[in-house]
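Structure at a glance
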Amino acid sequence: MNVEAVRHQLHIANKILGVNLDGISHEESMQLQPSGASCVNWIVGHVVRARTEAVECLGHESPVSRATLDAYRPAQPWNPDGALSLDTLIAHLDSLRDALDAGLAGLTPEGAATKAPFSPTNNPDETLGSLMAVFLFHESYHVGQVGVLRRLLGKAGVLAAPASSLDD
């Protein structure tokens, strides 16, 4: 596992998610789509929940309590009463980005080769390194969903930022 590549990909996914969320209000983030697609708020909360789990898998304490994220568990009906504000979710994304980056920065090749605490793909040979790769794929998938939902909310699409702007 190339930790620096994973850290860089996480950084890019975070930037693109931020660009896609720009200009979306909390009220807009709560709008369910007629297609049955999840709302922006649920997707962002779900990403926050997954980042929390990833930070904990790396042996660090998450700055966000999973108990506050019950509304964003997968495979359950959406209950908007438990939703956090979009601004709160964005703040959580930022704090978790930093915690996850720190956790990844300390991941050694030996640590990456250790058995993962769980496997979302039911891989009996899941390692911490392969779990982080699955996590990153999961996050990238949801970042793309937010881009599509942005358009469904009537917002202008955003072009991917030039590569040079992804380094800041």
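Shown above is the structure to which this text applies.
Residues numbered from 1 in each chain as written. Predicted model: local features only at pLDDT ≥ 70, side-chain atom pairs only at ≥ 80, totals over all residues. Heavy atoms only, no water.

Moving on: the overall build of the protein chain. Per the secondary structure count, the protein chain includes six helices and zero strands. Tracing the protein chain from N to C terminus, the helices and strands come up as α-α-α-α-α-α. Overall size of the protein chain, expressed as C-alpha extent along the three principal axes, is 45 × 40 × 25 Å. Taken across its 168 residues, the protein chain has 39% of its residues classed as buried. Pairs at least 24 residues apart make up 70% of the contacts formed inside the protein chain by residues separated by at least 6 positions. Side-chain charges of the protein chain comprise 11 positive and 19 negative groups, with the mean position of each set lying 4 Å from the other. (Helix = DSSP H or I, 4+ residues; strand = E, 2+ residues; numbered from the N terminus. Buried < 20%, exposed > 50% of the residue type's maximum accessible area, 1.4 Å probe, protein only. Contact = heavy atoms within 4.5 Å. Lys, Arg positive; Asp, Glu negative; His and termini not counted. Charge placed at Lys NZ, Arg CZ, Asp CG, Glu CD.)

On to the packing of helix 1 (residues 3–21) against helix 4 (residues 86–105), then. Relative to each other, helix 1 and helix 4 sit at 170 degrees, their axes nearing to 10 Å. Here helix 1 lies roughly antiparallel to helix 4, going by the angle between them. Across the interface between the two elements, Val 3, Val 6, Arg 7, Leu 10, Asn 14, Leu 17 and Leu 21 from helix 1 touch Leu 86, Ile 90, Leu 93, Asp 94, Arg 97, Leu 100, Asp 101, Leu 104 and Ala 105 from helix 4. Split by residue class, the contact of helix 1 with helix 4 holds eleven nonpolar, one polar and four charged. (Axes fitted to C-alpha atoms, helices over the stretch in contact; angles between N-to-C directions. Parallel < 35°, antiparallel > 145°, perpendicular 65-115°, else oblique. Nonpolar A, V, L, I, M, F, W, Y, C, P; charged D, E, K, R; others polar.)

With that out of the way, let us pick up the environment of Ile 90. Its place among the elements puts Ile 90 in helix 4. In the structure, Ile 90 is positioned 66 residues away from Ile 24 in sequence and 11 Å away in space, judged by C-alpha atoms.

Here we take up the environment of Glu 56. By secondary structure assignment, the location of Glu 56 is in helix 3 (residues 40–57). C-alpha of Glu 56 to C-alpha of Ala 5: the two residues are 51 residues apart in sequence and 20 Å apart in space. If we skip the residues at most four places from it in the chain, Glu 56 touches Ser 62 and Arg 66.

A side chain with one charge may pair with a side chain of the opposite charge, provided their charged atoms come close. Taken as a whole, this structure holds eight salt bridges when the rule is applied. The residue Glu 139 makes a salt bridge to Arg 51 at a minimum N-O spacing of 2.6 Å. Taken together, the positions of Glu 139 in helix 6 (residues 128–152) and Arg 51 in helix 3 put the pair 88 residues apart, joining distant regions of the chain. Of the two residues, Glu 139 and Arg 51, both sit in the buried class. Between Arg 97 and Asp 98 there is a salt bridge, with the nearest N and O atoms lying 3.0 Å from each other. On the accessibility criterion, Arg 97 (24% relative accessible area) is partly exposed. The class for Asp 98 is partly exposed, based on a relative accessible area of 46%. One connected set of salt bridges, linked through shared partners, spans Glu 4, Arg 7 and Asp 101. (Salt bridge = Lys/Arg side-chain N within 4 Å of Asp/Glu carboxyl O.)

On to the nonpolar core. Among the nonpolar cores identified, the biggest contains 43 residues, and Leu 21, Val 44, Leu 100, Leu 104 and Met 132 are the most heavily contacted of them. The set of elements that each furnish at least two residues to this core consists of helix 1, helix 3, helix 4 and helix 6. A per-element tally of this core places helix 3 first, with ten residues. (Core = buried A, V, L, I, M, F, W, Y, C linked by side-chain atoms within 4.5 Å.)

Geometric descriptors of this kind do not, in isolation, establish any biological role.
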